[in-house]
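Structural overview for review
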Amino acid sequence: MLVKRYIAKDMAAAMADIKRELGSDAVILSNQAVKQKGIKNLFKKPMLEVMVAYEPEKVPFRRVLEQQRNRPPANSIYAPQIPQQAAPQQEEPPEPVKQASSADAENNPATEEKLKALDKRLDSLDNMISGFIDKFQMVKRDVTYDYPDGIEPIVVKLIENQVREELAHNIARDASAILGRQSDATAGEVMRQLLLEQIGAAEPISHKKFKRRVVLVLGPTGVGKTTSIVKLAANFSIKQKKKVGIINTDSYRIGAQEQLRTFGDILDMPVKMIYSNEELPDALTEMEDRDIVFIDTAGKKPGDEAQHEEILGILTIAEPDDVLLCVSLATSFSSMREIIDAYGFTDDYRLLVTKLDETKYRGMLLNLIWYAKRRVAYVTTGQTVPDDIEPLDPEAIAGELLS
Ligand SMILES: Nc1nc2c(ncn2[C@@H]2O[C@H](COP(=O)(O)OP(=O)(O)O)[C@@H](O)[C@H]2O)c(=O)[nH]1
Ligand SMILES: [Mg+2]
């Protein structure tokens, strides 16, 4: 990764330069106003300095050649640092070679798709292996469990649906105790009731009249935060006729900003991009007339200290009414645990569980609720905006777990 400095008159000009030069994958590291040196600049407006990180291999080859040939654009004073490995000596691009280079591979959408598919298969393998281990342990311990009639097949079913073994047995033990006291109850009924208790009631966003609601959405990269915000924003504005606004604090991916702006235009709602927490109070003031304001955030690696600080800053400034932690169900239990642990510092949140369509195992949802000890606000079931989102339906989930 290389870092490059841009100086421009404002953020819009800087972004235009960055996008033209480095493409949509460039990541903004920081921005600050800078006074230019020299007496002639003494009374001029300060310029904006933007630091950008980028992968040289992701800068399209054509752009590297253009950078070599062209002068810097008029509104940015930067020193082009053309990376050695990306800058060929010859003027013309070389003849295409049969074997694709790794840089080509990274830019090739088909290869990216393949990598994503591979990632998914690894996650599903991880889930399958955990399931086998659970089942194996279940068989091993079978002899030591002495459940009343009808409980054991349900425990097996739950484990087949990828409910953690420990959790399935906890529920079975509670059910056994209840059945010991109430002889007229059936095992199926009691287990279903205990599952419903474990799943908990849905807690979607509840908007009250004359009070603006601020909803902060957190979670790792790629889980579906932005897509879910767009789905919710569309539902609230189209179906419930609410005035909705979106503040995007994810200034890292330029492509993602464009995606949100496009949706904002289609839905005719304000979308405000901010580049640091200092801009948040003004952005919130601008959206004072809205019924609901969604704050989208950047996802970073679990345990990232800078992210921790940034989120704490947003929590303090925005004082959100709802904090939703986005977790994808198409993840292994160990990854889920890592995410929940990483966001432990935000004490009062609910879950927004995405990608239910990517796994048939509803046990993962139960495991997540059990480990996080939080209620679920919404689940998402696909990529279609605005349809593929709904408040959690505990009855339906319990039904699927028992089928
Ligand atoms: N299959 C499926 N894909 C989803 C769902 N929600 C989001 N996605 C996809 O996940 C990818 C990342 O979504 P995005 O909203 O950009 O994630 P963010 O980085 O958390 O903001 C996009 O390709 C979305 O279309 C879902 O419920 N099901
Ligand atoms: Mg996003």
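Residues numbered from 1 in each chain as written. Chains lettered and ligands numbered in written order. Predicted model: local features only at pLDDT ≥ 70, side-chain atom pairs only at ≥ 80, totals over all residues. Heavy atoms only, no water.

1. Let's talk about the site of ligand 1
- Within the structure, ligand 1 sits among 16 residues, and G222, T227, D357, T380 and Q383 are positioned closest to it.
- In this structure, T226 approaches ligand 1 through a side-chain N or O atom, which is 2.8 Å from an oxygen atom.
- T380 places a side-chain nitrogen or oxygen 2.6 Å from an oxygen atom of ligand 1.
- In isolation ligand 1 offers 590 Å² of accessible surface; the protein chains occlude 80% of this area. (Near = heavy atom within 4 Å. Polar contact = N/O pair within 3.5 Å; in protein donor to acceptor, adjacent residues only side chain to side chain. Areas by Shrake-Rupley, 256 points an atom, 1.4 Å probe, with all protein chains shown as cover.)

2. Considerations on the sheet that holds strand β8 (residues 322-328)
- Taken together, 8 strands build an open sheet; the order of strands is β6-β5-β7-β4-β8-β9-β10-β11 and the sheet is mixed. With one partner strand each, in any of the chains shown, β6 (271-273) and β11 (389-391) form the two edges of the open sheet. Between one strand axis and the next, the sheet turns through 20° on average, direction left out of account.
- Here strand β5 (residues 244-248) runs beside β6; their pairing, made up of 3 bridges, is parallel. Following the sheet pairing, N248 is matched in β6 by M273.
- Strand contacts of helix α12 (residues 333-342): β8 and β9 (350-354), with the helix running at about 160° to β8, the strand carrying the most contacts.
- Helix α13 (residues 363-372) contacts β8, β9 and β10 (376-380) of the sheet and is inclined by roughly 160° relative to β9. (Pairing = 2+ DSSP bridges. Helix = DSSP H or I, 4+ residues; strand = E, 2+ residues; numbered from the N terminus. Axes fitted to C-alpha atoms, helices over the stretch in contact; angles between N-to-C directions. Contact = heavy atoms within 4.5 Å.)

3. Remarks on the environment of G180
- By the secondary structure assignment, G180 is in helix α6 (residues 165-181).
- Overall, the relative accessible area of 66% leaves G180 in the exposed class. (Buried < 20%, exposed > 50% of the residue type's maximum accessible area, 1.4 Å probe, protein only.)

4. Remarks on the packing of aromatic side chains
- Applying the stated criterion across every chain, the model contains 3 aromatic pairs.
- Ring plane angle 85° and centroid distance 6.0 Å describe the contact between F333 and Y371, whose orientation is recorded as edge-to-face. On the criterion of sequence distance, the pair formed by F333 in helix α12 and Y371 in helix α13 is long-range, its members being 38 residues apart.
- For Y371, a relative accessible area of 28% puts it in the partly exposed group.
- Pairing Y343 with F345 gives two aromatic rings, centres 6.3 Å apart and planes at 25°, and the pair type is stacked. (Phe/Tyr/Trp six-rings, centres within 6.5 Å; stacked < 30°, edge-to-face > 60°.)

5. Points about the nonpolar core
- Counting 64 residues, the largest nonpolar core has I151, M191, I247, L351 and V353 as the members making the most contacts within it.
- Split by domain, the residues of this core number at least three in each of domain 2 (111-199) and domain 3 (213-395).
- Grouped together as the second largest cluster of nonpolar side chains are 41 residues, A14, V217, V271 and F294 included. (Core = buried A, V, L, I, M, F, W, Y, C linked by side-chain atoms within 4.5 Å. Domains from an automatic or database assignment.)

6. A closer look at unusual backbone geometry
- Note that the residue after V385, namely P386, is joined by a cis bond; omega there is 0°.
- Here P386 shows up in the loop between β10 and β11.
- Not every positive phi belongs to a glycine, and D268 is a case in point at roughly 55°.
- Tracing the sequence through the fold places D268 in the loop between α9 (254-267) and β6.
- What makes D268 exposed here is its relative accessible area of 70%.

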